[in-house]
Amino acid sequence: MKESRTQARVGTLRQLEILLAVYHSGSISGAAKKLHLTQPTVSMQLRKLSEGMSMPLYYQVGRKLNLTEAGEAAVKTAIEVLGCFERLDMQLAGLKGLMAGTLNLAIVTTAKYFIPHLIGDFSRKFPQIDGRFHVGNRQQIIQRLRSGEDDFYVFSHPPDSDKLDMMALLPNRLQAISPLDHPLAAGAPEQQVSLEAFCQAPFLMREEGSGTRHAIEVHLTRLGLAPNIRMTIESNEAIKHSVMSGLGVSVLSEHTLAFGEQQGLAVLNVEHLPIVTHWYLAWLKDKPLSPVASAFLDYIKQPGREGIDWQESSDPLNGVLF
């Protein structure tokens, strides 16, 4: 009798799964589509979960769904509980001699250009493993990290936290770019452009929460300068094409410039640039690594993996020490 009362209070596994789907999609309709359920079914299960906890889990303002404090606590618990079952599945597969399961990575937008190349051999070595990528700007990935939703997180500017273990992956150089016919590109790349002149040109900037924007603002603030922001754009590809179209200059990761269309872009030789940061692989100290996550970590630590330097170091741009 006691066990049934406990289950009624905290909800069923299916209800927790539905709550997580609503949390990830941001809406009842999105969760219903993801889980192949009807919207009334999703709403009914959430209502039962809320009644079992005797507290509302969410409220809506217009079309936006917002979690209450109880809802946030329930989501955190759902992640932990369902994660335990997922790790159990992987351990049971390991006992059968199989390396199977899901590797969850949350990566900042610019990292999507090199992470697939980094883990390609791993996927071929363990074809039974599924990969799940979540791509967002720096602030969005920090939010996922706070809720412990993934195995690993890739940042160029990780948050300063003693709850994280981190490894430096490879350098991330942020380069100044302009249209080919821009006056600042007249002598590129041999002729150096003053940083002050570059900052005075119409500048195309990533959105608030972007790691690239964070790096640019920190670097220029230290030098007592600020860019002349003409437009804010939420996509590296859109910035590249906007620069090609003559809308302004910008600073982007060399990884962004190494893949895709580059015709019509000039890489400028600007004083105090490029901004040199590093990519970091981060994971939560207190969250147990699944067998799949442990295998991935062992794999990328191997010497010579994609030319990565595994020397322990400190990054003066974010103050995180290893």
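Keep in mind the model is a prediction, meaning the values are calculated, not measured.

J.: Explain the confidence of the model for the protein here, please?
T.: Note: predicted coordinates in regions of low pLDDT should not be interpreted at a detailed level. When the pLDDT values of the protein are averaged, the result is 81; 86% of them are 70 or greater. Taking the mean pLDDT of every element in the protein, the minimum, 47, falls on helix α1 (residues 2–10) and the maximum, 96, on strand β7 (residues 202–205). Taken as a whole, residues 1–8 scores under 50 in pLDDT and shows one contact with residues more than four places along the chain or in a different chain.

J.: Looking at this structure, how should I read the packing of helix α2 (residues 13–25) against helix α4 (residues 39–53)?
T.: What describes two packed helices is the angle between their axes and the distance between those same axes. Where α2 contacts α4, the two axes come as close as 9 Å, and the packing angle between them is 115°. The angle between the axes of α2 and α4 places the two elements in the roughly perpendicular class. For the crossing formed where α2 meets α4, the hand is left-handed. Where α2 approaches α4, its residues Q15, L16, I18, L19 and V22 are matched on the opposing element by V42, Q45, L46, K48 and L49.

J.: I would appreciate a short explanation of unusual backbone geometry in the present structure.
T.: Both trends apply: most residues other than glycine have a negative phi, and most peptide bonds are in trans. Residue P274 is bonded to the preceding L273 through a cis peptide linkage, with omega at 5°. Inspection of the secondary structure assignment puts P274 in the loop between β10 (265–267) and β11 (275–284). Even without a glycine there, the phi angle at S54 is positive, about 60°. You can see S54 is positioned in the loop between α4 and β1 (58–61).

J.: What am I meant to see in the packing of aromatic side chains here?
T.: Think of a pair of aromatic rings as described by two things: how far the centres are apart, and how the planes are tilted against each other in angle. Throughout the structure, instances matching the rule amount to seven aromatic pairs. Measuring from ring centre to ring centre gives 5.9 Å for F198 and F203, while their planes differ by 85°; the resulting arrangement is edge-to-face. Here F198 falls in the buried class, since its relative accessible area comes to 2%. Judged by its relative accessible area of 1%, F203 falls in the buried class. One aromatic cluster is present, built from ring pairs that chain together F122, F126, F152, W283, F296 and Y299.

The rules we used
- Residues numbered from 1 in each chain as written.
- Predicted model: local features only at pLDDT ≥ 70, side-chain atom pairs only at ≥ 80, totals over all residues.
- Heavy atoms only, no water.
- pLDDT = per-residue confidence, 0-100.
- Helix = DSSP H or I, 4+ residues; strand = E, 2+ residues; numbered from the N terminus.
- Contact = heavy atoms within 4.5 Å.
- Axes fitted to C-alpha atoms, helices over the stretch in contact; angles between N-to-C directions.
- Parallel < 35°, antiparallel > 145°, perpendicular 65-115°, else oblique.
- Left-handed = near helix turned anticlockwise from the far one by under 90°.
- Phe/Tyr/Trp six-rings, centres within 6.5 Å; stacked < 30°, edge-to-face > 60°.
- Buried < 20%, exposed > 50% of the residue type's maximum accessible area, 1.4 Å probe, protein only.

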